[in-house]
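Take a look at the letters that make up each chain.
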Amino acid sequence: MLSYPPALLEEWMRLYYFAVDADIGSSGVSDSSLADVRALAGIGTDEMDAVVFHDSQTLGGTGVRRAVARRWAGGDADRVMVTHGSTEAIFLVMNALLRAGDEVVVLDPVYPGLGDVVRAMGCRLRPWTLSAASGWRPDLDELAALVSERTRMVVVNFPHNPTGATLTPGEQDALLSIVERAGAWLLWDGAFADLTYDAPPLPDPATRYDRAVSLGTLSKAYGLPGLRVGWCLAAPQVLERMTRVRDYTTLHLSPLVELIAERVIDAADRVLVGKHAIARRNRQAVQRWMDEQGGAITWTLPAGGVCGFPRLHEVPDVEAFCHALAREQRVMLVPGTCFGTPGHVRLGFGGSGAALETGLERLAGALRAARTPALV
Ligand SMILES: Cc1ncc(COP(=O)(O)O)c(C=O)c1O
């Protein structure tokens, strides 16, 4: 039995996600209803009524695999597996490709699921550190120094949760050369791939390097975390190894979920337009708000995704501050301790403008109170 560490981020979400008025901690855009999705993707009730709840295929139904392949995998559905969110894909890939003792380079900080599964499997982690002092910019020279012929896998996520940092196309090329030279696997988590601000989305590395495995999801840019659809693009032999693990866990997705996912992916550009406009507007609103806080909180403007990782400069215990903010002000942030980085918070700005405004206003009040010495 593998020994899994407590999933701190998930525990935090369990405590507060359903208990606050304003969620300014989550990493996705605002969620869509079935009615929104049906209207945007043109799914008729007759089509939904025609779904028969038979078993689906292990790698995903043909329709949804082809839709993923058309948009992200150069049309090759043989390289696609559809999963229960990218969380399942992370678990299957790690179990298919890693063994105890393997050396694995992982971004730090990182979305905890990416590091914790590797750690639980008994692999040796070598952190590729992003630092606040350099605006979370990935340092490719540092990566080159970390990767050697002993490296089994390099695990990255760009645009990055929680900092919003990303790579330029030139840096992505350099990363691929470093990994390829070592003959290592690359796990590229592209959960926020479709959410960039000043540059187009990066090309998917799984179409360029045979040992690259890339992950995507409808949970973040598409506002459908409750649909539970993600995917993995990889060589067919890798998908076959993942299948052996899936045969003991989830077997396959629901045909109804697959129908909705297929049609959303076919309508992806239409779905993204509105979400993207809100994200862009909210990102600017957070920047203006930051500028008004007198240096109590500062961040690096995210280049992608809908979260950033500001530092609270005048709060001695940021986790205690976040507990109090959730319980007393009903506003959820995520403390940096969930990412192994105390002193920071994950601030999400993908939700409605109204929730963001409420959340920021109450956060500003709590920061002022933390700064003011208690009256004796
Ligand atoms: C970088 C990253 N990868 C994967 C996931 C898992 O998401 P899901 O299982 O909903 O696709 C998340 C969720 O926050 C994430 O931020």
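Residues numbered from 1 in each chain as written. Predicted model: local features only at pLDDT ≥ 70, side-chain atom pairs only at ≥ 80, totals over all residues.

(A) Representation of helix α4 (residues 62–72) within the structure. Every buried residue of α4 is accounted for by V64, R65, A67, V68 and W72. On an axial view of α4, the arc spanned by its buried residues comes to 160°, and they lie on one face. Buried positions along α4 lie against β2 (80–83), β7 (212–217), β8 (230–233) and α10 (255–266). Residue G74 follows α4 closely and has a positive phi angle near 60°. (Buried ≥ 20, exposed ≤ 12 C-beta atoms within 10 Å, placed from the backbone. Helix = DSSP H or I, 4+ residues; strand = E, 2+ residues; numbered from the N terminus. Arc of directions from axis to C-beta. Contact = placed C-beta atoms within 7 Å.)

(B) Layout of the domain arrangement of the protein chain. Parsing the protein chain into structural domains produces domain 1 (8–33 + 270–369) and domain 2 (51–268). Placing a centre on the C-alpha atoms of domain 1 and another on those of domain 2 gives a separation of 25 Å. Listed per partner, the contact involves 31 residues of domain 1 and 29 residues of domain 2. Counting only elements with at least two residues in the side of domain 1 that touches domain 2, the list comes to α1 (8–16), α11 (268–291) and β10 (307–308). If you tally residues by element for the side of domain 1 that touches domain 2, the top one is α11, at eight residues. Taken together, the residues that form the side of domain 1 that touches domain 2 break down as 13 nonpolar, 11 polar and seven charged. (Domains from an automatic or database assignment. Nonpolar A, V, L, I, M, F, W, Y, C, P; charged D, E, K, R; others polar.)

(C) Structural context of the site of the ligand. In the region of the ligand, 14 residues are neighbours, and G85, S86, T87, T217 and S219 sit closest. Tallying contributions element by element places helix α5 (residues 85–97) first for the shell around the ligand, with three residues. Class assignment for the residues of the shell around the ligand results in three nonpolar, 10 polar and one charged. (Near = placed C-beta within 6 Å.)

(D) Highlighting unusual backbone geometry. Across the junction of D108 and P109, the peptide omega takes the value 0°, indicating a cis bond. Considering the arrangement of structural elements, one finds P109 in the loop between β3 (103–108) and α6 (112–120). Note the cis peptide between N161 and P162, where omega equals 20°. Counting through the fold element by element, P162 comes out in the loop between β5 (151–157) and α8 (169–182). Notably, R228 is not glycine yet its phi reads approximately 60°, a positive angle. Within the element layout of this structure, R228 appears in the loop between β7 and β8. Look at R330: it is not a glycine, yet its phi comes out positive at around 55°. Relative to the assigned elements, R330 resides in the loop between α12 (318–329) and β12 (331–332). Accessibility expressed as a C-beta count within 10 Å gives 16 for R330, which makes it partly exposed.

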